[in-house]
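Chain by chain, the residues:
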Amino acid sequence: MSPSSPAARVVQKKNMKYLSTRGNSPAADFRDVVLEGLAPDRGLYIPERIPDVASELAAWTAHSYSELAFEIMRRFCDLPADALRDLIARAYSTFDHPDIAPVKRVGDRWILELFHGPTLAFKDLALQFLGRLFNTLLEETGEQLNILVATSGDTGSAAIHGVRGCPNIRIFVMHPRGRISPLQERQMTSVLDPNVFNLAIEGSFDDCQRILKTLLGDLELKRALRLGAMNSVNWARVLAQIVYYFSSALHVMRATGADRVRFAVPTGNFGDVFAGYMAARMGLPIERLVLATNANDILARFFNTGEYRLGRVIPTLSPSMDIQVASNFERYLFYRLGENPARVREALEAFDREGRWMSPDHAHDPLWAAGHADDDRTCAVIREIWERHGYLLDPHTAVGVAVAQRLDSSDAPLICLATAHPAKFPEAIARAIGRDDLARHERLDALRDAPTRSERLPADVRRVRDYLERHIRP
Ligand SMILES: *Cc1c(COP(=O)(O)O)cnc(C)c1O
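Note that the structure is predicted; figures quoted are calculated from it, not measured.

Participant: What should I look at first to understand the sheet that holds strand β9 (residues 261-266) in this one?
Facilitator: Sheet strands pair by backbone hydrogen bonding; their relative direction is either parallel or antiparallel. Reading across from one edge, β3-β4-β14-β9-β10-β13 is the order of the six strands in this open sheet, with mixed pairing throughout. The two strands at the open ends of the sheet, each matched to only one other strand, are β3 (103-106) and β13 (368-372). Neighbour-to-neighbour, the strand axes of this sheet turn through a mean angle of 25°, independent of strand direction. Pairing between β9 and strand β10 (residues 286-293): six bridges, direction parallel. Residue V261 lies in a different strand from β10, and its bridge partner there is I286. Helix α11 (residues 271-281) rests against β9, β10, β13 and β14 (414-418) of the sheet, and its axis sits at about 170° to β10.

Next up, the structure:
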């Protein structure tokens, strides 16, 4: 069987359609949703219905990660079964742990390690899959795709490692120059494959995201340059992330005999925790989603007060969460506002106009608990868990652990999502524990002397567009 033969049958079944959160785009197929990222009306794609899998859970408890991924993903996409299985197998073959996303007991909580992929952060779970998915869909028609990414750190290197060397894809990654950790920067700029372009933007992550949204929102340009997105708005990323909520919950329920679990999720763009929300709506017994932010706490404030109010981006020790406008939040708003796109548009317009929006029907939803942890508290938790349990948390993970510890107590086991390997953030670990020899990983050590390549550009849509045109048009 030739490697591309499953792809030739990609569009064949009757299948799940996707709708835009803003309601002004036609229903779309999985293929278009994946390749386009944003809907034509600039809304985010959501599935037309959410499958209920509660009755399957008992049968899934012994599934491997890949089997579980297959069972979940096939309900949302129309790839033939063998093509989907093959994609999943290849995507997770790059992980260095046989369980892909192992769960470890640390004191009276469980740590879900999402950092066993090539870039040592949780975004690999989604992007190793998405890169190969793009490739499969493009091979089918021989098309080219130019992926545009805005990153506050981990997305960029995970996206680059998802598509490097892929002949049908170029990738352009914008990062805020000097505002991501030096190691994260090197993980991106040391990839020298000719299809990889690193753009160091003179501005904040929100500037990068604004440029991305403007360019991808220009439909003519998007078509002419064959632009696509890999950012957390891409539905296939959410889809891939749903899987580890199931795998970890099933594991912990089996190990403890509990009939429900809680999750603590460090949050930036609301992509990871939105996948948890989907898992809950699919019937996974989640008692609570503890949403944890660093000092950039717009989301925590929203869940506690109903007010969504823009603040200033503050640099913290957990830079991948230094975000104010969370791009996936719109998906949650859609459900929160009764799946009514007119109300979503109204809310977003008010927010754009005034920099704040008040939810008209704020009532506390017991599924959610939310809070924030500042840098001091984050360091204190890293130190405490290290001293008590000999387990090293990265600063993002520590934000989740800290918020859950302070906020939420219940008999249901607590699963804390560990979103990065601590070696990615050695400065934070040194500040927390006072030693700089603890947070190491051989793959990162090897990068120290690697040659790098990047292009410096102002935070200006036109300049970025010119750069793309020069490098895409023959
Ligand atoms: C991206 C990232 C997060 C936040 O995930 P979102 O989906 O943006 O909420 C948390 N921790 C790390 C290490 C990340 O890279």
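Let's pick the thread back up.
Participant: Can you help me understand the site of the ligand in this one?
Facilitator: With respect to spatial proximity, 15 residues lie near the ligand, and among them K123, D154, G268, N269 and T419 are the closest. Take G271: an N or O atom from its main chain is 3.2 Å from an oxygen atom of the ligand. When each cavity is represented as a set of grid points, the ligand is found to reside in the largest cavity. The residue inventory of the shell around the ligand, partitioned by class, reads five nonpolar, seven polar and three charged.

Participant: Honestly, the pairing of strand β4 (residues 109-113) in this entry has me stumped. Any pointers?
Facilitator: Both faces of the sheet carry side chains from a regular strand, because those side chains alternate between them. Judged by how many residues are buried, β4 sits mostly within the fold: five of five residues are covered. Going residue by residue along β4, you find R109, I111 and E113 tucked away on one face and W110 and L112 tucked away on the opposite face as well. Inspection of the sheet shows β3 paired to β4 by four bridges, in the antiparallel sense. Along β4, the bridge assignment pairs V106 with R109. When β4 meets β14, the two strands line up parallel, connected through four bridges. Within β14, the residue paired with L112 across the bridge is L417.

Participant: Before we go on, may I ask you to explain the environment of I88 in this structure?
Facilitator: Along the chain, I88 falls in helix α4 (residues 81-92). Since its relative accessible area comes to 1%, I88 is described here as buried. Each C-alpha atom of the pair I88 and L192 lies 26 Å from the other, and the pair is 104 residues apart in sequence. Each residue touching I88, except ones within four places of it in the same chain, is listed here: S66, A69, F70, M73 and F129.

Participant: Sorry, what's going on with the packing of aromatic side chains here?
Facilitator: For any pair of aromatic rings, the description rests on two quantities: the centre-to-centre distance and the angle between the ring planes. In this structure the tally under the stated criterion is 30 aromatic pairs. Relative to W235, the ring of Y18 lies with its centre 5.7 Å away and its plane at 50°, an arrangement referred to as tilted. On the criterion of sequence distance, the pair formed by Y18 in strand β1 (residues 18-20) and W235 in helix α10 (residues 235-256) is long-range, its members being 217 residues apart. A relative accessible area of 0% means that Y18 is categorised as buried.

Participant: So what exactly am I meant to see when it comes to the sheet that holds strand β15 (residues 455-458) here?
Facilitator: Judged by pairing direction, the sheet is parallel, and its five strands sit side by side in the order β8-β5-β6-β7-β15 without closing on themselves. Both outer strands of the open sheet, β8 (227-229) and β15, are each paired with one neighbouring strand and no more. Here the strands of the sheet are splayed against their neighbours by 30° on average, with no regard to which way each runs. Of the strand pairs in this sheet, strand β7 (residues 196-202) and β15 are connected by four bridges, and their pairing is parallel. Across the sheet, I201 pairs through a bridge with L457, a residue of β15. Running over the sheet, helix α5 (residues 123-141) touches β5 (145-150), β6 (169-176) and β8 and is turned about 145° from β6.

Participant: Honestly, the pattern of salt bridges in this entry has me stumped. Any pointers?
Facilitator: Two side chains carrying opposite charge are able to pair once their charged atoms lie near each other. On inspection of all chains with the given rule, the structure shows 29 salt bridges. Its salt-bridge partner being R31, residue E140 comes within 3.2 Å of it at the nearest N-O pair. Of this pair, E140 sits in helix α5 while R31 sits in helix α1 (residues 30-36), and the two are 109 residues apart along the sequence. Residue class for R31 comes out buried when judged on its relative accessible area of 13%.

Participant: Please explain unusual backbone geometry as it appears in this structure.
Facilitator: As a rule of thumb, non-glycine residues mostly have phi less than zero, and peptide bonds are mostly trans rather than cis. Even without being a glycine, L120 presents a positive backbone phi close to 65°. Counting through the fold element by element, L120 comes out in the loop between β4 and α5. A residue is classified by how much of its surface remains accessible, and L120, at 0% relative accessible area, is buried. If you check the backbone angles, F270 has positive phi at about 70° while not being a glycine. By secondary structure assignment, the location of F270 is in the loop between β9 and α11.

Participant: Whenever I open this one, the packing of helix α15 (residues 375-389) against helix α17 (residues 426-433) confuses me. Can you help?
Facilitator: When two helices pack together, their arrangement is given by the angle between their axes and by how far apart the axes lie. At a minimum axis distance of 8 Å, the contact between α15 and α17 shows a crossing angle of 75°. Between α15 and α17, the angle falls in the class roughly perpendicular. Where α15 abuts α17, its residues D375, D376, C379, I382, R383 and W386 lie against A428, I429, R431, A432 and I433. Looking at the contact of α15 with α17 residue by residue, the class counts come to seven nonpolar, no polar and four charged.

Quick notes on the rules
Positions within a chain are numbered from 1, following the residues in the order the chain's sequence is written. Local features are withheld for residues below a pLDDT of 70 in this predicted model, meaning they are given only at 70 or higher, and side-chain atom pairs are given and counted only at 80 or more; totals for whole chains, interfaces and linings count all residues. Side-chain numbers come from the whole structure's heavy atoms, not from hydrogens or water. Note on pairing: DSSP must find at least two bridges between two strands before they are called paired. In this description a helix means any DSSP run of H or I spanning at least four residues, a strand means any run of E spanning at least two, and both kinds are numbered starting from the N terminus. Here an angle of 0 to 180 degrees is reported between the N-to-C directions of two axes, which are lines fitted to C-alpha atoms, with helices fitted over the stretch in contact. Whether two residues are in contact is decided by their heavy atoms, any of which lying within 4.5 Å being enough. Throughout, the term near means that a residue has one or more heavy atoms lying within 4 Å of the molecule or strand in question. Whenever a nitrogen or oxygen atom comes within 3.5 Å of another N or O atom, the pair is scored as a polar contact, on the condition that within protein one atom can donate a hydrogen and the other can accept it, and that pairs from neighbouring residues in sequence are kept only if both atoms are in side chains. Here a cavity means grid points, on a 1 Å grid over the protein atoms only, where a 1.4 Å probe fits yet cannot get out; a pocket means an open set of points with protein on both sides within 12 Å along at least five of seven lines; lining residues are those with an atom within 4 Å of a point. In this scheme, a molecule is assigned to a cavity or pocket if more than half of its atoms are within 2 Å of the grid points. Each residue receives one of three labels: charged for Asp, Glu, Lys and Arg, nonpolar for Ala, Val, Leu, Ile, Met, Phe, Trp, Tyr, Cys and Pro, and polar for the others, Gly being one of them. Only protein chains enter the accessibility calculation, which uses a 1.4 Å probe; a residue whose area is less than 20% of its type maximum is buried, one above 50% is exposed, and one in between is partly exposed. Two rings from Phe, Tyr or Trp (for Trp, the six-membered ring) form a pair when their centres are within 6.5 Å of each other. A pair whose planes differ by under 30 degrees is stacked, one over 60 is edge-to-face, and the rest are tilted. Think of a salt bridge as a Lys or Arg side-chain nitrogen and an Asp or Glu carboxyl oxygen that are within 4 Å of each other. When an angle is under 35 degrees it counts as roughly parallel; over 145 it counts as roughly antiparallel; between 65 and 115 it counts as roughly perpendicular; any other value is oblique.

Purely spatial values, then, with no claim about function.
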